[in-house]
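Results of the structural survey
The chain contents come next:
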Amino acid sequence: MDVQDLKPPKPLYLERVGFRGVRRRTLLETPEGPITLDLELDVYVDLDRSKRGVHLSRNIEAVEAVVSERRARSIEGLLRAIAKELLSRHGYAEKATVRARTRYYIDLEAAGIKGREPVGVAVTVSLTRSGVERWRVAVSVRGMTVCPSAQTTIAEEEGIRDPSKAPSHSQKVLLKGTVDTEKVMVRIEDLARALLLSFSAPTFTLLKKPQEARLILEAFTRPMFVEDVVREAAWRIAAIPYIPGDALLQVEAVSLESIHPHDLVAMLRSRVSEVRSLEPERS
Ligand SMILES: Nc1nc2c(ncn2[C@@H]2O[C@H](COP(=O)(O)OP(=O)(O)OP(=O)(O)O)[C@@H](O)[C@H]2O)c(=O)[nH]1
Ligand SMILES: [Fe+2]
């Protein structure tokens, strides 16, 4: 009998046992065409109290079986297939959890500028043997803000009639949106776009002089606190129609303040239904 199958000295249930950071490249045959993804995978199963260890090589065999098939049409399909493969190879497990970290490229249009922009992605599925499927999609993006407080102060002090023409401090903001759902997975593109449009202005990989000027002028007409960015992002995420009302969303912004040696953070957590129930103040 394998050591793994022996009764453990202390028979305690383990929620997750597996490998973290398994690197694999895969090709997804998506409806928009083939996408190659470099994945960093975490692959876990639970372990009941009767067994000392998980037969861990099977976690890699499950990944290899699915990744080499190259049949997945989406990251959702790929992760669900690996989770099912884990449960089939570990007859003693009740739950499989698979997490993939990767980078997507999103078509973005703002201030009349078009670009294909990188976003950080982490998708987690947890699947039980009875078929309960839970998803967590987290997308991280970068944008810029213009501070409304400094802009107003300077406009008043300098007698500048149109505040958007007053200088202010502007900084890069790291914004992360996470949505937890059952059964349906939030599309990465939808979550990414909701976040990218929640800044004073998004960042673009390529900016020629006229575009750079237009982006900055646009940003100065949309000054935002870091709190405004988080609320705007929550609002836009909740506006994604197919997300169930009981889904949980979390938005966190880290503003790399240009005038301080430290950063500024704002975070909100809410049920999507709660955000949807608010009537926006007409600005
Ligand atoms: N459960 C457990 N396994 C470990 C640990 N350290 C190393 N291993 C793994 O043990 C694995 C080999 O055991 P198994 O996966 O059972 O390999 P096997 O018995 O040849 O294959 P199966 O017949 O599928 O069980 C290696 O892939 C190691 O990664 C540990 O701390 N706990
Ligand atoms: Fe084994």
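Bear in mind the structure is a predicted one, so any value in this text is a computation, not a measurement.

As a further point, take the UniProt feature "site: May be catalytically important" (unreviewed entry) in the protein. The positions that UniProt labels "site: May be catalytically important" (unreviewed entry) are, in the present scheme, C147. Looking at where C147 falls in the secondary structure, it is placed in the loop between β5 (133–146) and α3 (148–158). When its relative accessible area of 10% is taken as the criterion, C147 is described as buried. In this structure C147 touches S168, H169, Q171, P223 and F225, once residues within four positions along its chain are discounted.

This brings us to α3. Within α3, burial applies to P148, A150, Q151 and A155. Buried residues of α3, seen end-on, are gathered within an arc of 165° and therefore sit on one face of the element. In α3, those exposed residues whose orientation departs by more than 90 degrees from the buried face are E156 and E157. The inward-facing, buried residues of α3 contact β5 and α5 (209–220). Two residues or fewer past α3, G159 is found with a positive phi of approximately 65°.

So, how was this worked out
- Residues numbered from 1 in each chain as written.
- Chains lettered and ligands numbered in written order.
- Predicted model: local features only at pLDDT ≥ 70, side-chain atom pairs only at ≥ 80, totals over all residues.
- Heavy atoms only, no water.
- UniProt positions renumbered as here; feature names shortened; annotations may be inferred.
- Helix = DSSP H or I, 4+ residues; strand = E, 2+ residues; numbered from the N terminus.
- Buried < 20%, exposed > 50% of the residue type's maximum accessible area, 1.4 Å probe, protein only.
- Contact = heavy atoms within 4.5 Å.
- Arc of directions from axis to C-beta.

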